[in-house]
Every structure is written in structure tokens, then in C-alpha cells.
Amino acid sequence: MSGWEVFLQQLIIGLSNGMIIALIALGYTMVYGIVELINFAHGDLFMLGSFLALTIVGLCTALPVFVVVLLLLTLTPLFSGGLNWLVDRLAYRHLRHSIRLAPLVSAIGVSFVFLNVGLLWGGVPMDVFGLGKAAAAPKDFPVLVSNDNLLGDATVQFTAKDALVFVVTIPLMIGLTWFVKRTRTGKAMRAVAQDQTAAELMGINVDRVVGQTFLIGGGLAGVASVVFALYNNTIYFQMGYRAGMDAFTAAVLGGIGSLPGAVLGGLCIGLARAFSDQYIATGWTNVIVFTILVLVLVFRPAGILGSKHREKV
Amino acid sequence: MSLLKIDRLTMRFGGLVAVDAVTLDIAPNEIVSLIGPNGAGKTTVFNAVTGVYEPTAGKIIFNGHETRRELTGKTALAFSLVGFITAVVAVILANLETVWEAAVTGNYTYRQPFPWTKALASAQETLTGHWLVPALSGLFVGVTGAWAVWERSRRAPEIAARAGIARTFQNIRLFNQMTVLDNVLLGMDTHLRTRFWDAALRLPLFWRERKHSTGKALETLRFVGLEHEAGQLAENLAYGHQRRLEIARALAMNPKIILLDEPAAGLNPAESKALMDLIQRIRQRGITVLLIEHDMQVVMNISDRVIVLDYGAKIAEGDPATVRANPAVIEAYLGKSDARA
Amino acid sequence: MSKLKFHWAFLLIAAFIPAISPHFAELLRPIFVMAILALGLNILTGFTGILNLGVAAFMAVGAYSYAILTCDIYPFQLNFGCATGTTVLIGLLAGLALGLPTIRLRGDYLAIVTLGFGEIVQDTLKNLDVITKGTQGINPLPPPPFSVYYLFLAFLTLVVLLNRNLQRSRIGRTWIAIREDELAASCMGINPMKMKLLAFSLGAAQCALAGALWASYLGSSGEPGNYDFQVSIIALCIVIVGGMGNIAGVLLGALVVMGFNSIVLETLTNFLKSHQIISSSNVFTAPGNWKYLLFGLALILMMRFRPEGLLPSKQTKAELHHHEPPKN
């Protein structure tokens, strides 16, 4: 492989991973934009999604691959979106007027509950599905999408998996942008994000809109979890933490609350990780991502596309 | 000579021009009222003067100086220091493993005395040729980073406050869960000299100053008539008393000028009258007063001068009688809310 | 004055515990370390209202600095006192280094920065295995100069006194003012960044102290993975369960949370195992496998029903129970 080809290869890997990070980051940024809460449990929600996906795959071995993938892409988002909505309903909604740290701490609690569910879920002797393993060990996710190079004999690999990532994520992001810009619900979301009281006075049911935001954000995490599992073929119960870190960094990097910002941030993080893995050392990748975050926050505290926060006096 | 000079101040929020090239001049020991319909930009002027907002354009000169951090030699020195330290850290981090191996691992034999000078020499040798790039990049990031952070904090409320500008807020912002006394003590915080070690070890200065500052705070409370409430939580005070406590807290800062944002809002006639008296007594202490007020009774009675804002622009200025007769003012302000006039 | 006597009575009881029950005293030692760690976090989260999700990283910095300074595989070999002192200083500088560029950020951003810092400190310690011996950790360390129990008790008492003195001084007053209303505080001429930075580095120094004590107790620096996010969360749990901003509350929280974590859970597991009620192969029946769930639920339920903690400070309690919905 020539140097140029290595670069191109890392670019593809970086973009694919970046798109997955961006999907998770969108959930963070939407929720933060509307209730100013770092939904700490978001990464673990993503992890649970992939465990559900693993279970579905185990149950549907008889079905053709195409159907299984479609099934995954519908059921998992429904599950994680619904779960996210439920958590908001049960935990966060009651804390809107509590001290500022209360929802965040509560979210950390939810994240721990999810983590434990993941641990036990993965640990269930799933012999029925032929996937049983010790609790904490990483689980293999069956290869449903082939690893074949779509570019034929070229040294640079652009596999069906990479294609899947782009085919799923790009339309989803376009759809989301359209949804937030054009639909009634989307407009209500933007209104609540800007001024909750005013939105309430205009007759918008704030609790419902917030719930919808959690639903959509969770759904995106569900899609991301399926794509991630299909792309990487390994899942483990602690992966939500790592993914959540990356995604939140991406959201902050792009400017929290901004949808294009989250995508841009996700791509930046994905690329930074890929290039650092290739050109520096895998062990230092997290350090480099973190250094980028701190540098961006020093020079542009509101992120790349974020707007300045002004307190009303 | 003017105490506070606002020169063509403009504040823009997105597309909205909240304040449009307003010029004001406040002389020492004046009582000046800033009036105008709701949304005329009065509070925005206060926010710009006190450093809460950064002006889009224009200058605010207080006591002969702009109310922002000056770029002094000391600041420049601090930048270079930060840059130097970042450079050193960058050099260390970039070569940590090799230097450690050469200096420590290479020279230390288990439980034998360590040859420090030799170790230093090996460290130096390893660094040769490997320090320039990290040092330069560290220096660059350190200096520009320090500058960026500093630049963003040039116009901060504490700068204006330390220069001698005190303020109260339209929607009272007391430290609700602290006592009345603590609120006032916070006001005089910049004048206290208790440092970290004094407090941590309770050195004599701590005890002395605690006694002294409590006495002074009580004196300030007496001035506004709240000395009997000193031990109460601020949020348990009656509304009128909360307004007074805000003024007391501002006075405790020992300011040159005090900016009162609607001090009479929500007060009954007797309380407003007492407030007018209080403002007069504040002036007698040699403090200039600039106030935003909707209560025309208060404005007309105590102001030396009245300034009228409408849609962010100054439309009239003068003594109360002149302003009251000004047709533009009547149309913009008094005419619309004749109940108040 | 009666309150003061109360404190001394507690200290006296604590001093006699090893004589009464050596086993219990042994269990208390890690609790003391965690209490120091949580008190460090309390300065930030309890007093100043800054969330730090990376206290474990500062603990790791402390533990490794202490280990490098004392272990005889390295040339420094300082005695306990010098090493602890230097470690506290290093913790302070680490806090300052992280705080200087980031302290101006809004609360949530800062929380993420500290979280990330927690991650990269672990990574860095793993990567620098020439110095840190990777996952083996640096050992053996010389044992502490005298009884670990009394040493830790003495340090805890010192830290409590320091924190109390600061809390009831001009410094603590400004911290709490910043927590309540940063803008109003800065309009009084208080520099919030300076005070936050002080809180941040002081908290970091205390966490580093906890790390140094922990390393001396273990006789090893431990491995990088010992200082992961969970440790930070346990510290946060202690502060929240006990009562944010209240020193006595934090001590109680340390007792409750750590007691639950290292005493109740372990005793229960051992009991169940020795009576063969559970088998080690079934993940569902091992109480340790439900730990996260219990901690998580504790946090959620505390926030929902008793956000002020078991032993709240007067201020936080008032803040919560008379809290009006924000006007804008």
C-alpha cells in the first residue's frame, strides 16, 4: 500500500466511524438543545440497542439476511427510542425545576442501571441463540453484511459495510433536518429549545415535545447501535461509555444544540481517531481526541458551529 | 469632568438593535434617571456599563479609564509565562519515555546511590535535537491560548465592579439562601484582606477581620434600615426589604457610582418615599446615582437630570421639568401611558 | 459549643475503634480514603457548584506520584512525609493545569472535560509503561510509618478542619455565592474564575492526597484501571447521598456508600456462597453483578425524592424546598 492509499483507507474508516458517532451525537445534541441536560445514559442506551440487535439476530437465524437487517433497523430504534422516552417520563421530567445538577446526576444513575442490564443481558446463558458467553466478555456479532471490497481488486477497501453506514446514516440525517425544519413537531421542538415559557404560552405542550425529542434521539441511538454492530462485529457491555464519550465530544466540538454541528463534530472525531490510530499510536488516540476537545474549547468555547450563550439579566 | 462617559454605545443582539449609538455623560455626585418605555434598552445600557454584556460598538469610560482589563506589562509577562510552561510541559511529554530511560533506567542500579549529575547529563543528551518542535508548538499554543482566554474575559462584571460601579437588578438577584449579613459581606468582599492561609489556619487576621467586617456590614445595614434582619435568610425578607438589601449589598462595595434598576418597582407609596430619602442619603455619602425608574413620582422628585430612551436611542435629556414638557417624550412615553404621567 | 463537643466525641469514638473491634477498624481504612476523596469533590460540587466527573484521575495522579517517589525501584525514595507533601503539590498543579484553560467553560462542558481527563490519565498511565510499569503497577512501596488507621484518621481530621475553616470564611462564602448566582457575585467584584480555579485545584490536591494514602495502604500504585470512572461515580454518590455542601453529610455518605459497597455486598456474597445458595457460574445470583443497578437506582431515587441528601446543608435544603421555577 502506498502512502497515499493508506491515507485514503484511513479516510474511509474515519468517515464511516464518524457517521456512527454523529448519529449518537445527534441524540445528545437534540436533548441538550431542548432541556440543557447531558443525557449521560445515551451511550449506554446505544449499548443496550446493540444487545437487543444481537438477541434479534439470534432469534431470526432462519430469515434471510436482508430481512434480518431491515428488522434490526426497525425494531432496535423503536426499542431504544421508547426506552429513552420512558426514562424521561419516569426520571428526568420530575426534575425540571430541581437544582441544576439533579437531572445530570439522575442521568448518571440511569446510565449505571443500563450498564448493569447490559452486563446481565450479555451474561444470560443464551445457548438458545448459540451466543452464550461469560458476563463481561465481548460478544461476537454475526457478520451479516459482507466484508467484500466494492472496489474490486483495488488495495483501498471500500466494503459493503462502509456502504451500509452511508446508505443508512445520510438519508437519516437529511430526514432529520427536514423534520426539524419543516414539520409541526420539529417547529415545536425548536420553539421549546429557544424559550420554554414562551412556547408554553403559545399552547405547546412542553412535556410532550421534550418526550418526542427523547424518543427521536433514542431512536437515532438505536440505528447507530445496529450500524455499529454490523460494522464492527463485536459488542460489549461497557462500549456505551466509550461511544458516549466520543459522541458527546463530537457534539461539543460541533457546538452543542446544533444538528449540523453534531454531524461535523462526529466526522472530525471519527477522522481524528482513524488518523491517530494510523499515524501516531492506538494507545494515544483518546489522548489526542481529548486534546483536540480542550483546544477547541479554549479557542471557541461554543464549539465550531455553536452560538454564544447569553444569560438574561 | 465627568465620572461616567458612555460614548456612542451600540448593542446588537442578532438583528435587533437594542441600544443605538447612545451617548451619556454623568457628572460626579449627580442623581440621573434613565427612563423610557419597556424595551427601550435601559437595562441593556446598565448591562453594558457593568460589563455583563460586551458592547457591539462604542466606549464606556469610567473615571477616566475604559472599564476593561488593561493590557499591561504584567499581562504580557503572564502570557509568556504560560507559554513557557506549556513549552516545557510539551517538551517533557514528547520525550518522557526516552529521557526517563536514558536518565533513570540507564543510571539507576537497584538500591545503589543515584548519580544525579550523570543522570542530568544523559537527560540533556537525549533531549538534544528533540526539543525544538515540541517547545515551539507548546509556546505557540500556550501564548495564543492564554491570549484568547484573556481577550474573552476583558470585559467582565468584576472589572467594572472593582473600578467602583455597583448595581442592583431589576428582578432582584440576592443570594437567597444566605443570611442578610452574608449578602452584605459579599458586597464588601473585594475590600477584605483575609487570604487562603489566614482562613485555612484561622490566623489572627482572620479573627480580626471577621469582627471588623461584621461591624461594618451591620453599619451598612443600619444605613438602609435592615439592622434587625441581619440573621435572616435573604429570601425570607419582605419584598421591599429585599430591594433595600440589594442596595445595601451594592453600597458595601464602597462604589463611586451606583446603578439602580427600577428600585421602586413593587413598592407602596410609603416605601417609595422612604426610598427617595435613601437615594438622597446615598448621594450625601458622595456616591453618584444612576437609576432606571418607571415611577414618575420618584423620577421627577429626586433627579437632577432625566435621560429618555426610546427604541434604543436617546430622544431627550435635561432637568425633570424640561423633559416633562418635551413633546417627543410625551409622544414616546408619557403620552402612551398617561395613567402614569 | 455543644455542636463542637459532639465532633470531638465522634473523634474520640473513632480513636478507640481499633481497640474495640480491630476488624471494623480495618474496614474503615478505605472508607477514610474515600471520604478524603469525596471531600475534595465536595469543595467543587458541594460548595462551588462545579461538577467534576474525573476525581479518580487526580487520585491516580496522586497514587502514581507517591509510588514513583517512594518505591525503591526508582532513585527518589523519599520518606512518607516528603512524598505525601510533594504528591499534594503535584495534585494541585495538575488541577491548575487542567483548570486554567477550561474553568471558564459552562458547567456541563467542564463536566465532560473532567470526564475526558479521567479517561486520558488512565490511557497515559497505561502507555507510559516504562515509568508506570503498565498494568502491573509500581510496587512494593514502603509501609506507612505508623498505624495506617490512625494515620488516615489524622489526615481525615486535618482535611475536615481545613475544609470547615475555608467554608466558614470569606473563601467559602464566595464559593457558595458563585454556586447560587455567579453573575450577581461577579457584579460584586468577585472574580468567579479565580475562586473556581482555587476550588478546582484545591479539590484536585485533596484527591491526590487520597491517592497517595491509598497507594501507601495498598503498598502499590495499583493499576491504571483501578482509577476508572466508577471511582469518580462512587465519590459523587458519596457527596450526593450524604448531602451536597455539608462536610458531616459527606462523612456519613462515605460510611453509607462505602459500607454498602465493600461491607454489605461482600458479606452477603460470602454468606450466600458459603451456604451454597448461589453458584458462581450463574451471573444473576451474584450480588456483585447487581452493584451498578443498585448504585444507579440510588442516584435516581435520591434525586427524585431527597435531592438534598441524608444530611443536607442548611443552604441546599432551603434551595430545594423553596425553589421556584425559573422565570425565563
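Nothing here was measured: the structure is a model prediction, and the numbers come from that model.

## Thoughts on the interface of chain A and chain C
Okay, so step 1: Contact residues are listed per partner, giving 54 residues for chain A and 50 residues for chain C.
Okay, so step 2: Overall, the association of chain A and chain C removes approximately 4700 Å² of surface from exposure, summing both partners, and the carbon and sulfur fraction of that is 76%.
Okay, so step 3: With a shortest N-O distance of 2.9 Å, Arg242 of chain A and Glu119 of chain C are connected by a salt bridge.
Okay, so step 4: The interface formed by chain A and chain C holds seven residue pairs in polar contact (both at pLDDT 80 or more) in total.
Okay, so step 5: The set of elements that each furnish at least two residues to the side of chain A that touches chain C consists of α4 (101–123), α9 (239–254) and α11 (285–299) of chain A.
Okay, so step 6: Its residues placed into classes, the side of chain A that touches chain C shows 37 nonpolar, twelve polar and five charged.

## Quick notes on the side chain of Thr75 of chain B
Okay, so step 1: Among the secondary structure elements, Thr75 of chain B is positioned in helix α2 (residues 73–105).
Okay, so step 2: Overall, the relative accessible area of 13% leaves Thr75 of chain B in the buried class.

## As for the interface of chain C and chain B
For interface size, the figure often reported is the accessible area lost on association.
Okay, so step 1: Contacts between the two partners involve 43 residues from chain C, matched on the other side by 46 residues from chain B.
Okay, so step 2: Three residues, Arg170, Arg173 and Met188 of chain C, lead the burial of chain C against chain B; their summed loss comes to 19% of the area buried on that side.
Okay, so step 3: The interface formed by chain C and chain B includes three salt bridges.
Okay, so step 4: We note a salt bridge from Asp181 of chain C to Arg173 of chain B, for which the minimum N-O separation is 2.7 Å.

## Structural notes on the sheet that holds strand β9 (residues 305–310) of chain B
Residue and element names in this part refer to chain B.
Okay, so step 1: The mixed open sheet is built from six strands, whose spatial order is β6-β7-β8-β3-β9-β10. Each edge of the open sheet is held by one strand with a lone partner, namely β6 (165–167) and β10 (313–318). Across this sheet, the average inter-strand angle for adjacent strands is 20°, counted without regard to direction.
Okay, so step 2: Summarising the sheet, strand β3 (residues 31–35) and strand β8 (residues 288–292) pair through four bridges and their orientation is parallel. Bridging across to β8, Ile31 finds its partner in Val289.
Okay, so step 3: Relative to the sheet, helix α9 (residues 239–252) contacts β6 and β7 (257–261), its axis offset from that of β7 by approximately 160°.

## So, the nonpolar core
Okay, so step 1: Ranked by internal contacts, the top residues of the largest apolar core, which has 303 residues, are Leu245 and Ile258 of chain B.
Okay, so step 2: Looking at which element gives the most residues to this core, the answer is helix α2 (residues 22–48) of chain C, with 15 residues.
Okay, so step 3: Here Leu245 of chain B is in contact with Leu174, Val180, Asn183, Val184, Leu221, Leu226, Ala234 and Leu237 of chain B, once residues within four sequence places are set aside.
Okay, so step 4: If you look at the next biggest cluster of nonpolar residues, it comprises nine residues, including Met300, Val308, Val323 and Val329 of chain B.

## Considerations on helix α3 (residues 116–127) of chain B
All names here are of chain B.
Okay, so step 1: Taking 1.5 Å per residue, twelve residues should reach 16 Å; α3 reaches 16 Å between its end C-alpha atoms and fits that length.
Okay, so step 2: Where the residues of α3 are buried, they touch α2.
Okay, so step 3: Directly beyond the C-terminal end of α3, a positive phi value near 85° is found at Gly129.

## A short note on the sheet that holds strand β4 (residues 57–62) of chain B
Residue and element names in this part refer to chain B.
Okay, so step 1: Reading across from one edge, β2-β1-β4-β5 is the order of the four strands in this open sheet, with antiparallel pairing throughout. In this open sheet, the two strands that pair with only one neighbour each are β2 (16–26) and β5 (65–66).
Okay, so step 2: Here helix α1 (residues 42–49) sits on the sheet and contacts β1 (4–13), β2 and β4; the angle it forms with β1, its principal contact strand, is near 115°.

## Observations regarding helix α12 (residues 247–274) of chain C
Residues and elements named next belong to chain C.
Okay, so step 1: Here α12 is 28 residues long and its end C-alpha atoms lie 39 Å apart, about the 40 Å a rise of 1.5 Å per residue gives.
Okay, so step 2: A maximum bend of about 45° is found in α12 at Gly259.
Okay, so step 3: Where α12 ends, the next residue or the one after it, Gln276, has phi of about 55°, a positive value.

## Considering the side chain of Thr288 of chain B
Residue and element names in this part refer to chain B.
Okay, so step 1: Secondary-structure assignment places Thr288 in strand β8.
Okay, so step 2: Exposure remark for Thr288: the relative accessible area of 1% places this residue in the buried category.
Okay, so step 3: Among the polar contacts made by the side chain of Thr288, one reaches the main-chain amide nitrogen of Asn29 at a distance of 2.9 Å.

## Regarding the environment of Gly253 of chain C
Okay, so step 1: On the secondary structure map, Gly253 of chain C appears in helix α12.
Okay, so step 2: In this structure the C-alpha to C-alpha distance between Gly253 of chain C and Leu198 of chain C, which are 55 residues apart in sequence, comes to 24 Å.

## Overview of the environment of Val223 of chain A
Residue and element names in this part refer to chain A.
Okay, so step 1: Summarising the element assignment, Val223 is placed in helix α8 (residues 206–232).
Okay, so step 2: Judged by its relative accessible area of 8%, Val223 is buried.
Okay, so step 3: In the structure, Val223 is positioned 51 residues away from Leu172 in sequence and 9.4 Å away in space, judged by C-alpha atoms.

## Looking at the packing of aromatic side chains
Okay, so step 1: Counted under the stated rule, the structure contains 31 aromatic pairs over all chains.
Okay, so step 2: Centre to centre, the rings of Phe79 of chain A and Trp121 of chain A are 6.3 Å apart; their planes meet at 90°, and the pair counts as edge-to-face. Of this pair, Phe79 of chain A sits in helix α3 (residues 65–90) while Trp121 of chain A is found in helix α4, placing the two residues 42 residues apart along the sequence.
Okay, so step 3: Pairing Tyr66 of chain C with Phe80 of chain C gives two aromatic rings, centres 6.0 Å apart and planes at 75°, and the pair type is edge-to-face. Linking Tyr66 of chain C in helix α3 (residues 55–70) with Phe80 of chain C in helix α4 (residues 80–102), this pair joins segments that are 14 residues apart in sequence. Each member of the pair, Tyr66 of chain C as well as Phe80 of chain C, is classed as buried.
Okay, so step 4: One aromatic cluster is present, formed by Trp100, Tyr108, Phe114 and Trp116 of chain B together with Tyr74 and Phe76 of chain C through successive ring pairs.
Okay, so step 5: Over the aromatic face of Phe169 of chain B sits the side chain of Arg173 of chain B, whose NZ or CZ is 5.6 Å from the ring centroid.
Okay, so step 6: Here the basic side chain of Arg285 of chain B rests over the ring of Phe223 of chain B, its NZ or CZ set 4.1 Å away from the ring centre.

## Some points on a nonpolar patch on the surface
Okay, so step 1: Taken together, Leu81, Phe84, Ile85, Val88, Val89, Ile92 and Leu93 of chain B make up a surface patch of nonpolar side chains, about 650 Å² in accessible area.
Okay, so step 2: Here Leu93 of chain B lies in helix α2.

## Focus on the confidence of the model for chain B
Okay, so step 1: Mean pLDDT over chain B stands at 89; residues scoring 70 or higher make up 97%.
Okay, so step 2: This model gives residues 337–341 of chain B a pLDDT under 50, and the stretch forms four contacts once residues within four places in sequence are excluded.

Scoring rules and cut-offs
- Residues numbered from 1 in each chain as written.
- Chains lettered and ligands numbered in written order.
- Predicted model: local features only at pLDDT ≥ 70, side-chain atom pairs only at ≥ 80, totals over all residues.
- Heavy atoms only, no water.
- Contact = heavy atoms within 4.5 Å.
- Buried area = accessible area lost by both parts, 1.4 Å probe.
- Salt bridge = Lys/Arg side-chain N within 4 Å of Asp/Glu carboxyl O.
- Polar contact = N/O pair within 3.5 Å; in protein donor to acceptor, adjacent residues only side chain to side chain.
- Helix = DSSP H or I, 4+ residues; strand = E, 2+ residues; numbered from the N terminus.
- Nonpolar A, V, L, I, M, F, W, Y, C, P; charged D, E, K, R; others polar.
- Buried < 20%, exposed > 50% of the residue type's maximum accessible area, 1.4 Å probe, protein only.
- Pairing = 2+ DSSP bridges.
- Axes fitted to C-alpha atoms, helices over the stretch in contact; angles between N-to-C directions.
- Core = buried A, V, L, I, M, F, W, Y, C linked by side-chain atoms within 4.5 Å.
- Expected span 1.5 Å × (residues − 1).
- Bend = angle between axes of the 7 residues up to and from the residue.
- Phe/Tyr/Trp six-rings, centres within 6.5 Å; stacked < 30°, edge-to-face > 60°.
- Lys NZ or Arg CZ within 6 Å of the ring centre and 35° of its normal.
- Patch = residues over 30% accessible without salt bridge, like charges linked within 9 Å, V, L, I, M, F, W, Y side chains within 5 Å.
- Areas by Shrake-Rupley, 256 points an atom, 1.4 Å probe, with all protein chains shown as cover.
- pLDDT = per-residue confidence, 0-100.

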